[in-house]
Amino acid sequence: MAHWAHSFYELQQQLTGCYSAPVHPCHYECVQQIQEAVPAGSLLELGAGGGQFAVAAARVFQVTALELRPSGTAHTLKLAAEHSVTLEAVTGDFYTVPLPRAFDVVCYWDGFGIDDDAGQQHLLRRVHDWLTPTGTAFIEVFSPWYWSKYAGYSRNWTSPQSSRQTYGFDADGNRMTDTYAPEGQPAQTQTLRCYSPADFRSLLNGTGLTLTKARPGGHYDPDAQVWTPAVPLSECMTWTAVLKRS
Ligand SMILES: C[S@@+](CC[C@H](N)C(=O)[O-])C[C@H]1O[C@@H](n2cnc3c(N)ncnc32)[C@H](O)[C@@H]1O
């Protein structure tokens, strides 16, 4: 596991409150997109954060939300109670947690690429093992073109605490970087490996998974501060890999 994962996401929560936010309409839209492929069944979410997607999905699916940080699991259960849905929330490391069951859907939003390629392949082999023979995985992947274009973009956060966030791009390693510098505290960075669909197909070698679709996500223009939800693959911040067992 990346050594920075626990402390970075705890700091991000402390500075932005993003993992204790309410469920947003975009989470229900995401559930609808999954339902176009898999109308109902069991669903495992990896790196579930504060549980916003898990709670939206629990209206339709039998959800297991797996998250590294106990504070994220606690928030998931609180949000589920507020929305009167039931789900299973597990605190654990997705590289090692014993979860000997198969799911119709495995998904991972906003976080894939935390490790090196070998680590990512290990996780993808686990995704294979967690899928039923006809199951589908949805993995959100960071695109290299977006993050190299907007490297250097910076913005201030004032609430709940003052900090500066800066995007960067490591061209040699093909990784986006995202740094939070809180006032009076050391800065911390998350770095995620970016993949084109061609790179991702290579990464899948030996995992038992096949890329059936590369679904483009949206584009955020930080200069104009405009979010466009549907753009071509060549412009998106992230794209979703739709995977089946080979
Ligand atoms: C960028 S956040 C995204 C959270 C959520 N998926 C969302 O879209 O709001 C990534 C999440 O993955 C979790 N995470 C990172 N490494 C993990 C691991 N090895 N096992 C389980 N969860 C992990 C982090 O704690 C964090 O909550």
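This report concerns the structure included in the present document.

Cut-off values and rules
- Counting of residues starts from 1 at the beginning of each chain's written sequence and follows it residue by residue.
- Confidence filtering applies because this is a predicted model: local features only for residues at pLDDT of at least 70, side-chain atom pairs given and counted only at 80 or more, and all residues used for totals across whole chains, interfaces and linings.
- Note: side-chain values were computed over all heavy atoms of the structure, leaving out hydrogens and water.
- Strands here mean DSSP runs of E at least two residues long; helices mean DSSP runs of H or I at least four residues long; both are numbered from the N terminus.
- For the exposure calls, accessible area comes from a 1.4 Å probe over protein chains only, and a residue counts as buried if that area is under 20% of its type's maximum, exposed if over 50%, partly exposed in between.
- Residue contacts follow a heavy-atom distance rule, with two residues in contact if any of their heavy atoms lie within 4.5 Å.
- The nearness test applies per residue and asks whether one of its heavy atoms lies within 4 Å of the molecule or strand.
- Polar contacts, as counted here, are pairs of nitrogen or oxygen atoms within 3.5 Å of one another; within protein the pair requires one atom able to donate a hydrogen and one able to accept it, and residues that are adjacent in sequence qualify only if both atoms are side-chain atoms.
- Only the protein chains shown count as covering a residue, and every accessible area follows the Shrake-Rupley method with a 1.4 Å probe.
- The nonpolar class holds Ala, Val, Leu, Ile, Met, Phe, Trp, Tyr, Cys and Pro. Asp, Glu, Lys and Arg form the charged class, and all remaining residues, Gly among them, are polar.
- Here the nonpolar core consists of buried residues drawn from Ala, Val, Leu, Ile, Met, Phe, Trp, Tyr and Cys, with membership extended through side-chain atoms lying within 4.5 Å.
- Criterion used throughout: strands pair if DSSP finds at least two bridges between them.
- Note on definitions: angles span 0 to 180 degrees between N-to-C directions of axes, and those axes are lines fitted to C-alpha atoms, for helices only across the stretch in contact.
- Stacked, tilted and edge-to-face are the three classes assigned to paired rings of Phe, Tyr and Trp, where Trp is represented by its six-membered ring and a pair needs centres within 6.5 Å; plane angles under 30 degrees give stacked, over 60 edge-to-face, the rest tilted.
- Only when the NZ of Lys or the CZ of Arg is both within 6 Å of the ring centre and within 35 degrees of the ring normal is a charge said to sit over the ring.
- Multiplying 1.5 Å by the residue count of a helix minus one yields the expected span of that helix.
- Looking down the strands as they point away from you, a crossover is right-handed if its path from the first strand over the helix to the second goes clockwise.

### Here we look at the overall build of the chain
In terms of regular secondary structure, the chain is built from seven helices and 13 strands. Taken along its principal axes, the extent of the C-alpha atoms in the chain is 50 × 40 × 35 Å. Each of the 246 residues in the chain was classed as buried or not, and the buried ones make up 53%. Taking the contacts inside the chain whose residues are at least 6 apart along the sequence as the reference set, 65% of them involve residues at least 24 apart.

### Re the site of the ligand
Lining the immediate environment of the ligand, one finds 17 residues, of which G47, E67, D93, W109 and D110 sit closest. A distance of 2.8 Å is found between a nitrogen atom of the ligand and a backbone nitrogen or oxygen belonging to G47. Across the complex, the protein chains shield 93% of the 590 Å² of accessible surface that the ligand would expose by itself. In the shell around the ligand, the residues fall into nine nonpolar, three polar and five charged.

### What to know about the nonpolar core
Core analysis: the biggest nonpolar cluster contains 52 residues, and L46, V106, F112, F200 and L243 have the highest contact counts within it. L243 has contacts with L124, G135, T136, A137, I139, F200, L204, L209, T210, L211 and T212, leaving out every residue within four places of it along the chain. Ranked by size, the runner-up nonpolar core spans 25 residues in total, among them V31, A56, A57 and V242.

### Some points on the pairing of strand β9 (residues 188-193)
Sheet analysis places strand β8 (residues 175-182) next to β9, joined by six bridges and oriented antiparallel. Its bridge partner lying in β9, Y180 is registered against Q188. Between the antiparallel neighbours β8 and β9 lie five residues, among them G184 with a positive phi of about 80 degrees.

### Here's the deal with the sheet that holds strand β4 (residues 103-108)
Pairing is mixed across the open sheet formed by seven strands, whose spatial order is β3-β2-β1-β4-β5-β13-β10. Each edge of the open sheet carries a strand with a single partner, namely β3 (88-91) and β10 (209-216). Neighbouring strand axes in the sheet, compared pairwise and without regard to direction, differ in orientation by 20 degrees on average. Two strands pair when backbone bridges link them, and strand β5 (residues 131-142) and strand β13 (residues 238-245) are joined in this way by seven bridges, in the antiparallel orientation. By the bridge assignment, V141 is partnered in β13 with W239. Each of β1 (41-46), β2 (61-67), β4, β5 and β10 is contacted by helix α2 (residues 25-37), which is oriented at about 120 degrees to β2, the strand it contacts most. In the packing of helix α4 (residues 70-82) onto the sheet, contacts are made with β2 and β3, and the angle to β3 comes to roughly 170 degrees.

### Focus: the packing of aromatic side chains
Per the counting criterion, the structure on display carries 17 aromatic pairs. Note on W4 and Y9: the rings are 6.0 Å apart at their centroids and 50 degrees apart in plane angle, and the pair reads as tilted. Here W4 falls in the buried class, since its relative accessible area comes to 11%. Geometrically, the ring pair formed by F112 and F200 is edge-to-face, given 5.7 Å between the ring centres and 65 degrees between the ring planes. A residue pair is termed long-range when its members are at least 10 positions apart, and F112 in the loop between β4 and α5 (117-130) and F200 in helix α7 (residues 197-203) qualify at 88 residues. Each member of the pair F112 and F200 is classed as buried. Site record: aromatic cluster; members linked through ring pairs are F94, Y95, Y108, F112, Y195, F200 and W239. One Lys or Arg, R69, reaches over the ring of Y19 and ends 4.9 Å from the middle of that ring.

### Quick word on α5
Given a rise of 1.5 Å per residue, 14 residues ought to cover 20 Å, and the 20 Å separating the end C-alpha atoms of α5 matches this to within 8%. Of the residues making up α5, those classed as buried are G119, Q120, L123, L124, R126, V127, H128 and W130.

### Digging into the pairing of β2
Counting buried residues along β2, six of its seven residues qualify, which places the element largely inside the surrounding structure. Strand direction decides the pairing type here: β1 and β2, joined by six bridges, are parallel. The partner of L46 across the bridge, within β2, is L66. Each parallel crossover has a hand, and for β1 linked through helix α3 (residues 52-57) to β2 it is right-handed. In the classification by handedness, the crossover that spans β2, the intervening α4 and the parallel β3 is right-handed.

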